[in-house]
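Residues per chain are reported as follows:
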Amino acid sequence: MSVNETDFDFESMKDKALEQLRSGKSLYGKDRAFAPLLKSFLESALEAEMESHMDDFERSSGNRRNGKSTKQIRTSDGTIDIDTPRDRRSSFGSTINVRPASTDGRPTLEVLHPDNTTTKFRYD
């Protein structure tokens, strides 16, 4: 199942974020306001990459989708589970790479662009 805009309730996220801000809680981590937004974004991006990867050549050579696996993104406030697509030949390599948290507990999201430049995002 692909992730689409109807799977994410922006109003609920906004209400939850405001509630957590008022109470001084973090917005990141499992069961926090931004976790569904991050999950939705990453899963949508991974699905788009897989769709691009599974071109006519891949399909004609016998490669097919092969379900999904779950990976965890660790943040300083907990973990978020992401469903990542797989292919039969294990030739799918995402340009999105979530590096483990460094010593400060903040993971880095890296996006590799077609021109081999990288954009990095740090989570505070």
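It should be emphasised that the depicted structure is a prediction, and the values quoted were computed from it without experimental measurement.

S.K.: How do you make sense of the overall build of the chain when you look at a structure like this?
M.R.: Helix and strand content of the chain: three helices and five strands. When the elements of the chain are put in sequence order from the N terminus, they spell out α-α-α-β-β-β-β-β. When each of the 124 residues of the chain is scored for burial, the buried share is 31%. The contacts in the chain between residues at least 6 apart in sequence include a share of 42% that link residues at least 24 apart. Accessible area of the chain: about 8200 Å², with a carbon and sulfur share of 50%.

S.K.: Mind showing me how you'd approach the pattern of salt bridges here?
M.R.: Pairs can form between side chains of opposite charge once their charged atoms are near each other. Counting across every chain of the model gives six salt bridges. In this structure, Glu47 and Lys68 form a salt bridge, with 3.0 Å as the shortest nitrogen-oxygen distance. Here Glu47, found in helix H2 (residues 35-53), pairs with Lys68, found in strand E1 (residues 65-75); they are 21 residues apart in sequence, far enough to count as distant.

S.K.: Looking at this structure, I do not really get H2. What am I missing?
M.R.: The periodicity of an α-helix, 3.6 residues per turn, causes residues three or four positions apart to be oriented the same way. In this model H2 runs 27 Å from its N-terminal to its C-terminal C-alpha over 19 residues, within 8% of the 27 Å that 1.5 Å per residue would give. Restricting attention to buried positions, one finds in H2 the residues Ala35, Leu38, Ser40, Leu42, Glu43, Ala45, Leu46, Glu47, Glu49, Met50 and His53.

S.K.: Looking at this structure, how should I read unusual backbone geometry?
M.R.: Keep in mind that most residues, glycine aside, have a negative phi and that most peptide bonds are trans. The phi dihedral of Ser90 falls on the positive side, at around 55 degrees, and the residue is not glycine. In this fold, Ser90 is placed in the loop between strand E2 (78-87) and strand E3 (96-99). Among the residues examined, Ser90 registers a relative accessible area of 63% and is labelled exposed.

S.K.: Even after reading the chapter, I still don't get the nonpolar core, so can you show me in this structure?
M.R.: Nonpolar side chains tend toward joint burial in soluble globular proteins. Counting nine residues, the largest nonpolar core consists of Ala35, Leu38, Leu42, Ala45, Leu46, Ile73, Ile80, Ile82 and Ile96. The set of elements that each furnish at least two residues to this core consists of H2 and E2. In terms of residue count, H2 provides more of this core than any other element does, five residues in total.

S.K.: Would you explain the side chain of Asp87 in this entry?
M.R.: Assignment of secondary structure puts Asp87 in strand E2. No salt bridge is formed by the buried Asp87, whose closest oppositely charged neighbour, Arg89, lies at an N-O distance of 7.5 Å. One polar contact links the side chain of Asp87 to the main-chain amide nitrogen of Ser90, over a distance of 3.1 Å. Ignoring sequence-local partners within four residues, the contact set of Asp87 consists of Met50, His53, Met54, Asn63, Arg64, Arg65, Asn66 and Phe92.

S.K.: Looking at this structure, I do not really get the confidence of the model for the chain. What am I missing?
M.R.: A low pLDDT score tells you not to read the predicted coordinates there in detail. For the chain, per-residue confidence averages 76 on the pLDDT scale, and residues scoring 70 or more make up 66% of the total. Between the elements of the chain, mean pLDDT differs from a low of 63, seen in strand E5 (residues 118-122), to a high of 88, seen in helix H3 (residues 56-60). Low pLDDT (under 50) marks residues 1-5, which in the prediction has seven contacts with non-local residues, meaning those over four places away or in another chain.

S.K.: What is the right way to read the environment of Gly62 from this model?
M.R.: Topologically, Gly62 is positioned in the loop between H3 and E1. Distance in space between the C-alpha atoms of Gly62 and Arg89 is 8.9 Å, their sequence separation being 27 residues.

Reading the values: rules and limits
Residues numbered from 1 in each chain as written. Predicted model: local features only at pLDDT ≥ 70, side-chain atom pairs only at ≥ 80, totals over all residues. Heavy atoms only, no water. Helix = DSSP H or I, 4+ residues; strand = E, 2+ residues; numbered from the N terminus. Buried < 20%, exposed > 50% of the residue type's maximum accessible area, 1.4 Å probe, protein only. Contact = heavy atoms within 4.5 Å. Areas by Shrake-Rupley, 256 points an atom, 1.4 Å probe, with all protein chains shown as cover. Salt bridge = Lys/Arg side-chain N within 4 Å of Asp/Glu carboxyl O. Expected span 1.5 Å × (residues − 1). Core = buried A, V, L, I, M, F, W, Y, C linked by side-chain atoms within 4.5 Å. Lys, Arg positive; Asp, Glu negative; His and termini not counted. Polar contact = N/O pair within 3.5 Å; in protein donor to acceptor, adjacent residues only side chain to side chain. pLDDT = per-residue confidence, 0-100.

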